[in-house]
Number of protein chains: 2
Amino acid sequence: MSEERYIYDLADGDGTMRSLLGGKGAGVAEMNRVGVPVPDAFTVTTTACVQTMNNNGEWPDGLADQIAQGLKRLEERTGRTLGGSERPLLVSVRSGAVHSMPGMMDTILNLGISDESVVALAEEFGNERFAWDCYRRFIQMYGEVVEGVPQNLYEDALSELKHHRGVDQDTDLDADDLKGLVETFKQISNDHLGGAWTADPREQLNRAVNAVFKSWGNPRAEVYRRAHNIPASLGTAVNIMQMVFGNRGDTSATGVCFTRNPSTGEKALYGEFLVNAQGEDVVAGIRTPRPMGEMKDVLPEAYEQLVATMHKMEQHYKDMQDMEFTIEDGKLYLLQTRNGKRTAAAALKVASDLVDEGVISQEEALLRIEPGQLDQLLHPAIPPEHGQIPIAKGLPASPGAAVGGVVFDADTAAERGSKGEPVVLVRFETTPDDIHGVIEAQGILTAHGGMTSHAAVVARGMGKPCVAGAHGIKIDPVGKTLTIGDRVIKEGETITLDGTTGDVYGEKIELIPPQINEDFERVVQWADSVRRLGVRANADNFEDATKARELGAEGIGLCRTEHMFMAQDRLPAVRRMILAESSEQRAAALEEILPMQQSDFEGVFTAMKGLPVTVRLLDPPLHEFLPNLVEQSLLVQRLEMSGGDSEELGEAKQTLAQVKRLHELNPMLGTRGCRLAMLYPEIPDMQTRAIVRAALAVREREGETVGVEIMIPLVALSQELETQRAIVVAAVEDELAQAGAELDYTVGTMIELPRAALIADKIAEHADFFSFGTNDLTQTAIGISRDDAENGFLTQYVMDRVLERNPFETIDVEGVGQLVEMGVERGRSVKPKLKTGVCGEHGGDPDSVEFFHGAGLDYVSCSPFRVPIARFAAAKAVLQEKKA
Amino acid sequence: MSEERYIYDLADGDGTMRSLLGGKGAGVAEMNRVGVPVPDAFTVTTTACVQTMNNNGEWPDGLADQIAQGLKRLEERTGRTLGGSERPLLVSVRSGAVHSMPGMMDTILNLGISDESVVALAEEFGNERFAWDCYRRFIQMYGEVVEGVPQNLYEDALSELKHHRGVDQDTDLDADDLKGLVETFKQISNDHLGGAWTADPREQLNRAVNAVFKSWGNPRAEVYRRAHNIPASLGTAVNIMQMVFGNRGDTSATGVCFTRNPSTGEKALYGEFLVNAQGEDVVAGIRTPRPMGEMKDVLPEAYEQLVATMHKMEQHYKDMQDMEFTIEDGKLYLLQTRNGKRTAAAALKVASDLVDEGVISQEEALLRIEPGQLDQLLHPAIPPEHGQIPIAKGLPASPGAAVGGVVFDADTAAERGSKGEPVVLVRFETTPDDIHGVIEAQGILTAHGGMTSHAAVVARGMGKPCVAGAHGIKIDPVGKTLTIGDRVIKEGETITLDGTTGDVYGEKIELIPPQINEDFERVVQWADSVRRLGVRANADNFEDATKARELGAEGIGLCRTEHMFMAQDRLPAVRRMILAESSEQRAAALEEILPMQQSDFEGVFTAMKGLPVTVRLLDPPLHEFLPNLVEQSLLVQRLEMSGGDSEELGEAKQTLAQVKRLHELNPMLGTRGCRLAMLYPEIPDMQTRAIVRAALAVREREGETVGVEIMIPLVALSQELETQRAIVVAAVEDELAQAGAELDYTVGTMIELPRAALIADKIAEHADFFSFGTNDLTQTAIGISRDDAENGFLTQYVMDRVLERNPFETIDVEGVGQLVEMGVERGRSVKPKLKTGVCGEHGGDPDSVEFFHGAGLDYVSCSPFRVPIARFAAAKAVLQEKKA
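For clarity, every value in this text was computed on a predicted model and none was experimentally measured.

Rules of the game
- Residues numbered from 1 in each chain as written.
- Chains lettered and ligands numbered in written order.
- Predicted model: local features only at pLDDT ≥ 70, side-chain atom pairs only at ≥ 80, totals over all residues.
- Heavy atoms only, no water.
- Helix = DSSP H or I, 4+ residues; strand = E, 2+ residues; numbered from the N terminus.
- Rg over C-alpha atoms; globule rule 2.2 N^0.38 Å.
- Buried < 20%, exposed > 50% of the residue type's maximum accessible area, 1.4 Å probe, protein only.
- Contact = heavy atoms within 4.5 Å.
- Lys, Arg positive; Asp, Glu negative; His and termini not counted.
- Charge placed at Lys NZ, Arg CZ, Asp CG, Glu CD.
- Phe/Tyr/Trp six-rings, centres within 6.5 Å; stacked < 30°, edge-to-face > 60°.
- Lys NZ or Arg CZ within 6 Å of the ring centre and 35° of its normal.
- Least-squares fit on C-alpha atoms with pLDDT ≥ 70 in both.
- pLDDT = per-residue confidence, 0-100.
- UniProt positions renumbered as here; feature names shortened; annotations may be inferred.
- Core = buried A, V, L, I, M, F, W, Y, C linked by side-chain atoms within 4.5 Å.
- Buried area = accessible area lost by both parts, 1.4 Å probe.
- Salt bridge = Lys/Arg side-chain N within 4 Å of Asp/Glu carboxyl O.
- Nonpolar A, V, L, I, M, F, W, Y, C, P; charged D, E, K, R; others polar.
- Pairing = 2+ DSSP bridges.
- Axes fitted to C-alpha atoms, helices over the stretch in contact; angles between N-to-C directions.
- Expected span 1.5 Å × (residues − 1).
- Bend = angle between axes of the 7 residues up to and from the residue.
- Domains from an automatic or database assignment.
- Left-handed = near helix turned anticlockwise from the far one by under 90°.
- Polar contact = N/O pair within 3.5 Å; in protein donor to acceptor, adjacent residues only side chain to side chain.
- Patch = residues over 30% accessible without salt bridge, like charges linked within 9 Å, V, L, I, M, F, W, Y side chains within 5 Å.
- Areas by Shrake-Rupley, 256 points an atom, 1.4 Å probe, with all protein chains shown as cover.

Visitor: I keep staring at the overall build of chain A and nothing clicks. Help me out?
Guide: Within chain A one finds 36 helices and 31 strands. Expected size for 884 residues packed as a compact globule is a radius of gyration near 29 Å; at 32 Å, chain A falls within 12% of this value. Here the C-alpha coordinates of chain A stretch approximately 105 × 65 × 55 Å along the principal axes. By the burial criterion, 59% of the 884 residues in chain A qualify as buried. Across chain A, every contact between residues at least 6 apart in sequence was considered, and the portion connecting residues at least 24 apart equals 69%. Taking the average location of the 87 positive side-chain charges in chain A and that of its 135 negative ones, the two points are 3 Å from each other.

Visitor: What's the story with the packing of aromatic side chains in this structure? I'm lost.
Guide: Within a pair of aromatic rings, the relevant descriptors are the distance that separates the centres and the angle that separates the planes. Under the defined criterion, the tally for this structure stands at 30 aromatic pairs over all chains. When the centroid spacing of 5.4 Å and the interplanar angle of 35° are considered together, the rings of Phe 125 of chain B and Phe 130 of chain B count as tilted. Of the residues examined, Phe 130 of chain B reaches a relative accessible area of 2% and is grouped as buried. Ring centres of Phe 793 of chain B and Tyr 797 of chain B lie 5.2 Å apart, and the angle between their planes is 75°; this geometry places the pair in the edge-to-face category. Separated by four residues within a single helix, Phe 793 of chain B and Tyr 797 of chain B lie in helix H33 (residues 793–799), roughly one turn from each other. Assessed through its relative accessible area of 2%, Tyr 797 of chain B is described here as buried. If you follow Arg 225 of chain A out to its NZ or CZ, it ends over the ring of Trp 216 of chain A, 4.1 Å from the centre. The ring of Tyr 859 of chain A has Arg 536 of chain A sitting right over it, with the charged end atom 4.1 Å from the ring centre.

Visitor: Could you clarify how one ought to interpret the relation of the copies chain B and chain A in this entry?
Guide: For the pair of chain copies, the relating operation is a rotation around an axis with a shift along it. With an axial shift of 0.2 Å and an RMSD of 0.2 Å, the rotation relating chain B to chain A amounts to 180°. Taken together, these values place the two copies in the relation of a two-fold axis. For chain B, the smallest separation between a C-alpha atom and the rotation axis is recorded for Asn 666 of chain B, amounting to 2.1 Å. Taken as a fraction of all interface residues of chain B, those also at the interface in chain A reach 100%, which identifies the copy contact as same-surface.

Visitor: What's the story with the confidence of the model for chain A in this structure? I'm lost.
Guide: Looking at chain A as a whole, its pLDDT mean stands at 91, while 98% of the residues score no less than 70. Two numbers describe this predicted complex: its pTM, 0.81, and its ipTM, 0.80.

Visitor: What should I look at first to understand the UniProt feature "binding site: substrate" (unreviewed entry) in chain A in this one?
Guide: Residues and elements named next belong to chain A. The UniProt entry lists Arg 560, Arg 616, Glu 752, Gly 773, Thr 774, Asn 775 and Asp 776 under the feature "binding site: substrate" (unreviewed entry), expressed in the numbering used here. Setting aside residues up to four positions removed in sequence, Arg 560 forms contacts with Asn 538, Asp 540 and Arg 616. Of note, Arg 616 is situated in strand S26 (residues 612–616). Not counting residues up to four positions away in its chain, the partners in contact with Arg 616 are Leu 558, Cys 559, Arg 560, Thr 561, Glu 562, Met 711, Pro 713 and Met 750.

Visitor: Help me understand unusual backbone geometry in this model?
Guide: Glycine aside, negative phi is the norm for most residues, and most peptide bonds take the trans geometry. Phi angles above zero are rare outside glycine, and Asn 110 of chain A is one such case at about 65°. Structurally, Asn 110 of chain A is set in strand S6 (residues 107–111).

Visitor: Any chance you could explain the nonpolar core here in plain terms?
Guide: The nonpolar side chains of a soluble globular protein tend to be buried with one another. Ranked by size, the top nonpolar core spans 234 residues in total, and within it Phe 605 of chain A together with Phe 605 of chain B carry the most contacts. Not counting residues within four places of it along the chain, the set of residues in contact with Phe 605 of chain B comprises Val 613, Val 615, Ile 691, Ala 694, Ala 695, Val 698 and Val 706 of chain B.

Visitor: Mind showing me how you'd approach the interface of chain B and chain A here?
Guide: A common way to express how large an interface is: the accessible area buried when the components associate. Taken together, the contacts link 52 residues of chain B with 52 residues of chain A. Summed over both sides, the interface of chain B with chain A buries roughly 4600 Å², with 62% coming from carbon and sulfur. Taken together, the links from chain B to chain A amount to six salt bridges. Measuring nitrogen to oxygen at the nearest pair gives 2.7 Å for the salt bridge that ties Arg 755 of chain A to Asp 812 of chain B. At the level of secondary structure, the elements contributing two or more residues to the side of chain B that touches chain A comprise helix H24 (629–642), helix H26 (674–679), helix H28 (718–739), helix H29 (754–758), helix H31 (774–782), helix H32 (786–790), H33 and helix H34 (816–830) of chain B. Top element by residues in the side of chain B that touches chain A is H24 of chain B. It accounts for eight residues. Class assignment of the residues belonging to the side of chain B that touches chain A gives a composition of 26 nonpolar, 15 polar and eleven charged.

Visitor: Hey, could you run me through the sheet that holds strand S19 (residues 473–476) of chain B in this one?
Guide: Strand pairing in a sheet is mediated by backbone hydrogen bonds. Such pairs are either parallel or antiparallel. Residues and elements named next belong to chain B. Strand order in the open sheet formed by three strands is S19-S20-S21, and the pairing between neighbours is antiparallel. Looking at the sheet topology across the chains shown, the edges are occupied by S19 and strand S21 (487–490). The mean inter-strand angle of the sheet, taken between neighbouring strand axes irrespective of direction, is 20°. In this sheet, S21 lies alongside strand S20 (residues 481–484) in antiparallel orientation, the contact comprising four bridges. Its bridge partner lying in S21, Thr 481 is registered against Lys 490.

Visitor: Whenever I open this one, helix H23 (residues 583–607) of chain A confuses me. Can you help?
Guide: In an α-helix, one full turn covers 3.6 residues, which means residues spaced three or four apart are oriented alike. Its 25 residues place the ends of H23 of chain A 35 Å apart at the C-alpha level, agreeing with the 36 Å of an ideal helix rising 1.5 Å per residue. Approximately 35° is the largest bend angle found in H23 of chain A, and it occurs at Ile 593 of chain A, with the proline Pro 595 of chain A only one to four residues beyond.

Visitor: How should I be thinking about the domain arrangement of chain A in this particular structure?
Guide: Looking at chain A, the domain boundaries give domain 1 (7–242), domain 2 (253–339), domain 3 (380–396 + 404–505), domain 4 (531–621 + 664–883) and domain 5 (622–663). For domain 3 of chain A versus domain 5 of chain A, the distance between C-alpha centres works out to 33 Å.

Visitor: Looking at this structure, how should I read the pattern of salt bridges?
Guide: It is possible for side chains of opposite charge to pair when their charged atoms get near one another. All names here are of chain B. Going through the model one piece at a time under the given rule, you end up with 130 salt bridges over all chains. For Glu 324, the salt bridge is made with Arg 94, and the minimal N-O distance between the two is 3.1 Å. Of this pair, Glu 324 sits in strand S11 (residues 321–328) while Arg 94 sits in strand S5 (residues 91–97), placing them 230 residues apart in sequence. Summarising the burial analysis for this pair, Glu 324 and Arg 94 share the class buried. Taking the shortest distance from any N to any O, the salt bridge between Glu 682 and Arg 586 comes out at 3.5 Å. One end of the pair, Glu 682, is in helix H27 (residues 682–702); the other, Arg 586, is in helix H23 (residues 583–607), and 96 residues separate them in sequence.

Visitor: Would you mind going over the sheet that holds strand S28 (residues 745–751) of chain A with me for this structure?
Guide: Residues and elements named next belong to chain A. Read once around its circumference, the closed barrel built from eight strands follows the order S24-S25-S26-S27-S28-S29-S30-S31, with strand pairing classed as parallel. Here the strands of the sheet are splayed against their neighbours by 25° on average, with no regard to which way each runs. Looking at chain direction, strand S29 (residues 769–772) and strand S30 (residues 835–838) are connected through four bridges and run parallel. Looking at the pairing, Phe 769 lines up with Lys 835 of S30.

Visitor: Help me understand the packing of H23 of chain B against H27 of chain B in this model?
Guide: When two helices pack together, their arrangement is given by the angle between their axes and by how far apart the axes lie. Packing of H23 of chain B against H27 of chain B leaves a shortest axis separation of 7 Å and a crossing angle of 35°. Viewed along their axes, H23 of chain B and H27 of chain B form a crossing whose handedness is right-handed.

Visitor: I tried to follow helix H1 (residues 18–33) of chain B on my own but got confused; where do I start?
Guide: All names here are of chain B. End to end, H1 covers just 15 Å across 16 residues, shorter than the expected 22 Å (1.5 Å per residue, more than 12% under). The largest bend in H1 amounts to roughly 75° and is located at Lys 24. One or two positions beyond H1, positive phi appears at Gly 35, with a value near 90°.

Visitor: I keep staring at the environment of Asp 858 of chain A and nothing clicks. Help me out?
Guide: All names here are of chain A. Along the chain, Asp 858 turns up in the loop between helix H35 (846–854) and strand S31 (859–862). The contact partners of Asp 858, leaving out residues within four places of it in the chain, are Arg 532, Leu 533, Gly 534, Arg 828, Leu 834, Lys 835 and Thr 836. Within the local environment of Asp 858, its side chain forms a polar contact with the side chain of Arg 828, the two groups lying 3.3 Å apart.

Visitor: Help me out: how do you make sense of the side chain of Thr 836 of chain B in this one?
Guide: Along the chain, Thr 836 of chain B turns up in strand S30 (residues 835–838). Here the side chain of Thr 836 of chain B touches Arg 828 of chain B through a polar contact of 2.8 Å, side chain to side chain.

Visitor: Any chance you could explain the pairing of strand S26 (residues 612–616) of chain B here in plain terms?
Guide: In summary, the side chains of a regular strand alternate between the two faces of the sheet. All names here are of chain B. Within S26, four of the five residues are buried, which leaves the element mostly enclosed by the surrounding structure. The pairing of strand S25 (residues 556–559) with S26 spans two bridges and is parallel. Residue pairing in the sheet places Cys 559 in a bridge with Val 615 of S26. Pairing of S26 with strand S27 (residues 707–712), which is carried by five bridges, proceeds in the parallel orientation. When the sheet's bridge partners are listed, Val 615 is paired in S27 with Ile 710.

Visitor: Would you take a moment to explain the UniProt feature "domain: Pyruvate phosphate dikinase AMP/ATP-binding" (unreviewed entry) in chain A for this structure?
Guide: The positions that UniProt labels "domain: Pyruvate phosphate dikinase AMP/ATP-binding" (unreviewed entry) are, in the present scheme, residues 54–289 and 300–352 of chain A. Across residues 300–352 of chain A one finds 51% helix and 32% strand; the C-alpha atoms that close the span lie 31 Å apart.

Visitor: Is there a simple way to think about a negative patch on the surface in this case?
Guide: All names here are of chain A. On the surface, a cluster of negative charge is made up of Glu 3, Glu 58, Asp 61 and Asp 65. On the secondary structure map, Asp 65 appears in helix H3 (residues 63–78). Relative accessible area serves as the criterion here: at 48%, Asp 65 is assigned to the partly exposed category.

Dropping the structure here:
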């Protein structure tokens, strides 16, 4: 068997080879191919990195050899020798992953400089200071990155020298100073390594390549990959490129430049450069870089050439480019090009402008937009590249960013918040008692609780940012401190939350305001013209339904009815219903609840008139409407031990008996959904009547009403749906007969249990539509209780990469996805036109939407603020499908 | 469209038409076909009944007409007229379901007698008394059954007449007495019905047919069907047969007879008869029937003819027959024949004898045996046809029957039981504190708790009968009474439990002792020679494993390890393990547990040496080893309020914090199984080492050891199994290297989550075997928490026939079964020889075993006492498959 190829010379690659050569390697090869000046180079493939990782850090056979040969060819092509005493070759060694991960991995510049080559370099360029500057830079960078020498050792020596010489800037040091510094640096390195410092450039090259491999696994790269859903299995390529020098004097420079403004999308060169500098100087911030515009005056020829090249590359890639360049003694080299990262607003403007410029089609424009990023436009957001490092991480429970002073109780939050002071409410977990504080806070941070905890649900409902279940934080509500690691944050100190990522920052970050503008409106309409999937919202009151409609929802896919039972003023009647000892008593209690439900439905229907609304009948188990078992047990004991009022005790005991009777070990799998309705048919009967009366009342008042879709939850057996459908139909027909009215309506079911998907053909016989409840389907198919797991092993699994994605955020295509496909296919085998949708939170997740499109669903339904994202994602799914 | 046929005349049917004509209708048609004398008849099909039920009790079009025509043909064939004033035709109207349901539905005899025909009948038979006796019997039976006249009204009138006439026996009343009685009865009937009594025999016939239809739905028939898993959808046929009269005088008789003894299987006519009587006299017990042997002397010719006929029918049906006969004036008529119901012991003897007699093959013999019935042989059992009616019903939590005096606490049970007094322990639910009482009790009855409640699990482990979750009972442990409906049972009063059916009887029933005898040994060996499925047992200690091996287990399919953590002396170390704050602390605590686990494994391995043993690594969530949240919360509050010892309070609070930290909302879907092992790899490491050391120690001591199979529970992701397998393999190899020994072992997984079945191909890559955990698979696929559901809606679903079977007793083939088939198929697509088994409780359920055979599993595993049942069921599955 011939040996695997791990090395590609510059001329052997092209832009299509990203997965093998990484973005950078493929980018420079492509530039070279189309005639853009780039330094000569070769690339070590991602495969070499992956095999090394999988082999406990040991290189695959032949890799060292192939690197040596690649180097030899590079030496031949350039007519130079690595570390040579004449015409020395210096190279950069840089990471280059498939997906851009700026700054996350390691880079070594100037490799090849040595005691011999430094002299040759000085002679060749007639610049001794420059050569020694390269040398000291190299030792420092190589020492830190490859050999792990602490950075401050070098920095301290440099500061001392500058202090000693009485100068401020590095550039004020002369060649002799630098020679001395090189000696000092070598000494530092050798001391730290116990004498093991190597001066052989070829050995240094191998170690540098290996260091880049290893940097793929460093903590910040891991965090970045997790945040951007980049698989850990991809690995990085390593690019070995001949050094060109921006630090050869005043005709040299280096910089980074965007073809358009990455914050606004405006068409104009945007970037920074530094004369007589190397790349890391721009990033390091030691000298302040100058805006691109000024380059026109300083290096006019190179500037013109750069403008032409950038325009050429934007046309070539048909997208905004982010390029690194170096000018060596007046000659321009491009070191990297990639599609530039941008804000959501810029993404929309660039896409819109490129269409107007005739560069891309509307469809191509849509493909350029990352639907998930649009969240930024709908909420205040943290700007990209803000430079702060999160101090804690929790679950991204409700999107958007919030800045405010920390407060530890709802009363304080309410008091300060209502006075206009921005506060962030920090709680172990929130309860309904905290609601007044939640309303006045900018955002919520909890130490406990998952994506469906009280805080998360309430915050999402209000479109308010929330980070939940941040286990790393310690809260002392009495001492009023929040402790994260060693950092103690007191009441009133400002923090920033990013509810979109789950990040918590220990300081104030200036936020970008919501930015729905004409670009947005224009591009989302292109999306609408492309997508096949309908987009509905989940909403159960007038306000949410109105917001959803504003954001483009084409109906409601999930109107929950349990909140209508939970309201404080309804609980007495609800409790009477639960405590009823006969179906007559129960019906009487329900009769009291009916007008309240009807009025809720009227609100939703008014907001959605003319569109379909799917109402889900009562889903949660009855004990959710009663006090908690532990609390009630404690109350009874307290009353008993304190020998208080016997009537109060009697009542408390009676309630406790009821709570115990309804208590369930696993309520998720308990008496809820249609099971409840099977035991108490009075409940679906009442709810159906309330729906019909509301629909008729809205038509009477507004002239039109909604398309009524009544949905039976938690069906596992076709018999359940058959029975429930009969109850619903009988109640509708009775109401219509009494009112002497007609009304179109359909009756369908949730598919949210594996069994329901497996027997979808039998269930479809009794259903006008299916709505996949992928939250519950995920819980049962994988056997994971969401709330428990997100506080426990599931978070650990995602951290440890046992799972690439949290299956409650993005649908588990491999497992749960099979059930969705099976449900659609088997359901339609009986009813080819069966309407199918999804109403889990996956309906607002772009990757999941793409899957649902492929599975052939008719619509997705998501929370109101995710509606625009779903519209884009649905369009993208069509375009991706076309491409494939 | 031509009208559906609802009527079959006697000559139109045969023995194959059971589902249409019912067992009785097909049986008489078949007897008629082969020349056995039966009275002429016609049958209304089961279809007519089903359509009537489905149409709210209304008859299908044409049924009334077809009955009239059927009657007309019967009149023509017999030359008689229903209710006619000469040569009158009298008929019986009897139910006849597909599966025999003796005594559960209604019968009307002598229909056709009227004021006109009674005179003709008296004249024709020259017996006035007989004719009037028929008339009074008819009015009484028809009045009760069809018109709902209370029975006692007639009985009282008859008693009064006898009293008035000063006689004891009905037979002492003369024709005039009976004439008067008929008038009284008619008066009673008409009074009760407010004048609506009908005297028209044709109208009476229609009403009688309808009454039989209705009796299909009466409560006792429903209870019987539920107990015998007969679908409610089958309906009953109705047989209308010319009356023959066993009450025409001393040359007439009626009786029932078996071809063999239904209790023992001994080959000898077995039955009873009464001279000058009708069928209901035999059943009613007013006169004492005489044993069959005496008929030889009383009616020798008829007796010989009967013997010959019965022999003929046994040969014809190749099975023991249970026949009803009537002799009218010396002439024999057979009214019904069916395969006789029998005890398990009789079933084995009859099958064994029929093979010896050359009537059937071994395979046919196996098909005659109902595997589920074999339970009777392994536990004391309630005899068939004991005549008692259960007063309550619970879940059949542990098979076998128990008789004893009721006690309400474990101490009393232990005290009295240990003195040899048989007691039944009755508790709301049991806890580990009750164990001493459970040990000394004959059986356990609980009001709460499901099939996996403490009482159920402990009782099954001990092979002790248990009825759990009998909701209908009320327990007053202070007043020491058990109340069921109106009946109050005091401490010490005797009750009988049937743990096989869940029935509770309010009196003592003499039990049949366990009966493993040579017939059993012989027939089970035939089963072993036929079956393909292996049969293993679930056992986790020496005693259970030994018992299992005695009963024929070919290994252990599930050795649980959690009981090894639960033992009182181990809990301190287990708690230290849970409280550990580092993996070192955890490993140290586990080190203490290791030798205890090893010693448990040595017990099991010693009992099973030479056979395979599958050990499942730790499965339950850690909080199961800590106190209950409610109890601990109450303890803390109690200590706080009573201001007691502060150290005790501190400890209690610390424990409470721990309990809260580990508390889960849905523990069934929580951090258990391999999820625990992913978080704490020290646990599988320790368990694996204990297994290996035990296997080596047993080989050292006994000369051979077991086939070690290590099983990872609750796998949902292939990555989980890959990781866990690596941990297990590393620990095994390390132990073997240290011991310098070799050992064959395999590593496999449970398939107990829907996702695992869906991705079985990927999981199989890391598994040597699959064991389907159908308990958990049922819970997750259907979304049912077993404990909650069996105390709630699931029981109601089975009562209401929303579900035909409890899916935790018999596998839900339609839903869960698909996942099992998918798991096997996909697993074998990757590893064609992948070993597959099942270790849920379904492994001991005959119908489920048949399914598992069809799904291609290699073995089933069940509790030790179910092993013989599984062996038979596995053989039957092969034979059923051959037949199909």
